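Chain by chain, the residues:
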Amino acid sequence: MPVVNDGLGYPISVGYGLGPEIRRFLRERGSPFVVLSDAQRDVLAAARIVAKAPRCKGVLAFPLGERRKDLRTLEKVLDALLAAGVDRATTVVGVGGGVAGDLFGFAAASYMRGVPYVHVATSLVSMADASVGGKTGVNLAGGKNLAGAFADPVAVFSDVRRLETLPFRSLREGLAEVVKAAIVEGGAFFETLETMAAHPFWRWPWVEIVAEAVHVKSMVVADDRLEAGAREVLNLGHTFGHAIERASAYRVTHGAALSVGLRAAGLLAMRTGRFSLEEHVRVLALLALLGLPLRTRVAPDLILAAMSADKKRRAGKLRFVLPLAIGDVEYGVVASERTVASVLRTISQLPDDSSES
Ligand SMILES: NC(=O)c1ccc[n+]([C@@H]2O[C@H](COP(=O)([O-])OP(=O)(O)OC[C@H]3O[C@@H](n4cnc5c(N)ncnc54)[C@H](O)[C@@H]3O)[C@@H](O)[C@H]2O)c1
Ligand SMILES: [Zn+2]
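If you're wondering where the values come from, they're calculated on a predicted model, not measured in any experiment.

Some thoughts on unusual backbone geometry
- Backbone geometry at R55 places phi at a positive 70°, although glycine is not the residue there.
- By the secondary structure assignment, R55 is in the loop between α2 (41-50) and β4 (56-62).
- A relative accessible area of 53% means that R55 is categorised as exposed.
- Despite not being glycine, Y250 has its phi angle at roughly 65°, a positive value.

This is the structure we're talking about:
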């Protein structure tokens, strides 16, 4: 059973069928605990398995979803913790995907100025990405993840068995992040994805794949906990991706936008003499085999406008994270608006602009 612990200071267990291990961990901690769960049926079933450990004060379930990742739900969670008699000696166990992790993690970080938090990840996004790095928070009316805290959990459990009930749409969100991590890492990780891409998901070595994605993220995060710089590489594909999401008023999901964003970053890298056509095509082939999109219907000028708004907000130049090779990524690259616009025309759904050079 891989336990990834690359200098983050807390264990991340990845395995198949982790119920007994999670219960043992809670029993050995010895303190009372309360379980916070996404109310989705399969997630709640997973939460009830965790709650079988001794000294459980109960399972509190909340209907979640991106739109409920807000201050109002946070308040409900905090009130429920108080009503359940949770004190600072109680461990809070959050069960669910990335939304649950961000929201419950933030609730635990702020309740009575912080109580210990354990995350049980149930979605691929959460396992491969969101549960690592200690970022928690909620959305404000003005934008995503604008209120939150850096708060490390005491442990993370990623039971890949949970992926069996995950809807494809949600799996896709996670796959895009896994491909991103594989481009950052390169080598055998990327090759494993290339090999597995042709096979149905039930045959994938998910333990290995999740553990590898966690390893990549934790190595980067351990070097740069508060996002001073190096952690930027994890934003590969995200400058374009976020702009596509925003310009579509969030009709395009994060994973779909990221996939197109990874292609856009590859194109921009090629057009600025950084990345080879051969490697670019390898990335495109992988994304396509996984059923991830390579084009968007969102108009190029709208995407560019969303990027410029972002640039203004950051009071600076638009900076990109670009691949130099599969396994080598550069951050802080400034590109001309003309080149960026040409990339946006290529990723547009319009058939005339499909040239890859
Ligand atoms: N903190 C970070 O570093 C970080 C990183 C990446 C993403 N995120 C955040 O993560 C969120 C997205 O995460 P997500 O894609 O997991 O969304 P999510 O938590 O909403 O889960 C997606 C959907 O799958 C359902 N679900 C989860 N696990 C399931 C299971 N095992 N079986 C059946 N259904 C299941 C959920 O109820 C939900 O409907 C975003 O809010 C994003 O901002 C945070
Ligand atoms: Zn992302």
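Description of the coordination of the zinc ion (ligand 2)
- Only E177 (OE), H238 (NE2) and H254 (NE2) from the protein coordinate the zinc ion (ligand 2), and they sit 1.9 to 2.1 Å from it.
- When the donor residues of the zinc ion (ligand 2) are listed from N- to C-terminus, their spacing reads E-x60-H-x15-H. Linking E177 in helix α6 (residues 168-185) with H238 in helix α9 (residues 238-247), this pair joins segments that are 61 residues apart in sequence. We note that E177, like H238, is buried.

Quick word on the sheet that holds β4
- One open sheet holds the 7 strands; their spatial order is β1-β2-β9-β6-β5-β3-β4, and the pairing between them is mixed. Sheet topology places β1 (3-4) and β4 at the edges, where each strand pairs with a single neighbour.
- Sheet analysis places strand β5 (residues 91-96) next to strand β6 (residues 117-121), joined by 5 bridges and oriented parallel. Residue pairing for β6: V95 is matched across the bridge by V120.
- Where helix α3 (residues 71-83) meets the sheet, its contacts fall on β3 (33-38), β4 and β5, and the angle it forms with β4 comes to roughly 160°.

Looking at empty space enclosed by the protein
- Within this structure, the stated rule accounts for 5 cavities of 30 Å³ or more.
- The space that makes up the largest cavity amounts to roughly 110 Å³.
- Along the wall of the largest cavity there are 13 residues; nearest its centre are G101, Y117, A130, S131 and T136.
- Among the secondary structure elements, those contributing two or more residues to the lining of the largest cavity are α4 (98-110), β6, α5 (124-130) and β7 (135-140).
- Looking at the lining of the largest cavity residue by residue, the classes come out as 5 nonpolar, 7 polar and 1 charged.
- In this model, the second largest cavity occupies a volume close to 80 Å³.
- What lines the second largest cavity is simply G19, I22, A46, I49, V50, V120, A121, T122, D159 and R162.
- Listing elements by their share of the lining of the second largest cavity, those giving two or more residues are α1 (19-29), α2 and β6.

Concerning the site of ligand 1
- In the vicinity of ligand 1 there are 24 residues, among which E66, G98, T122, S123 and T165 approach most closely.
- Take K217: an N or O atom from its side chain is 3.4 Å from an oxygen atom of ligand 1.
- Within the complex, the protein chains bury 83% of what would otherwise be the 860 Å² of accessible surface of ligand 1.
- Elements with a minimum of two residues in the shell around ligand 1: α2, α4, α5 and β8 (143-150).

Comments concerning the pattern of salt bridges
- All chains considered together, the criterion is met by 8 salt bridges.
- Between D102 and K69 there is a salt bridge whose closest N-O contact spans 2.8 Å. Of this pair, D102 sits in helix α4 while K69 sits in the loop between β4 and α3; the two residues are 33 residues apart in sequence, bridging distant segments of the chain. The pair D102 / K69 is uniform in exposure class, with both members buried.
- K180 is the salt-bridge partner of D129, the closest N and O atoms lying 3.9 Å from each other. Taken as a pair, D129 in helix α5 and K180 in helix α6 lie far apart in primary sequence, 51 residues in all. Both residues of the pair, D129 and K180, count as buried.
- Each of E66, K69, D102 and K144 takes part in one network of salt bridges that share partners.

Calculation criteria
Residues numbered from 1 in each chain as written. Chains lettered and ligands numbered in written order. Predicted model: local features only at pLDDT ≥ 70, side-chain atom pairs only at ≥ 80, totals over all residues. Heavy atoms only, no water. Helix = DSSP H or I, 4+ residues; strand = E, 2+ residues; numbered from the N terminus. Buried < 20%, exposed > 50% of the residue type's maximum accessible area, 1.4 Å probe, protein only. Donors = N, O, S within 2.8 Å, 3.2 Å for Na, K, Ca; no water. Pairing = 2+ DSSP bridges. Contact = heavy atoms within 4.5 Å. Axes fitted to C-alpha atoms, helices over the stretch in contact; angles between N-to-C directions. 1 Å grid on protein atoms, 1.4 Å probe; cavity = no way out; pocket = protein on both sides within 12 Å on 5 of 7 lines; lining within 4 Å. Points joined across faces, edges and corners; volume = space filled by probe spheres on them. Nonpolar A, V, L, I, M, F, W, Y, C, P; charged D, E, K, R; others polar. Near = heavy atom within 4 Å. Polar contact = N/O pair within 3.5 Å; in protein donor to acceptor, adjacent residues only side chain to side chain. Areas by Shrake-Rupley, 256 points an atom, 1.4 Å probe, with all protein chains shown as cover. Salt bridge = Lys/Arg side-chain N within 4 Å of Asp/Glu carboxyl O.

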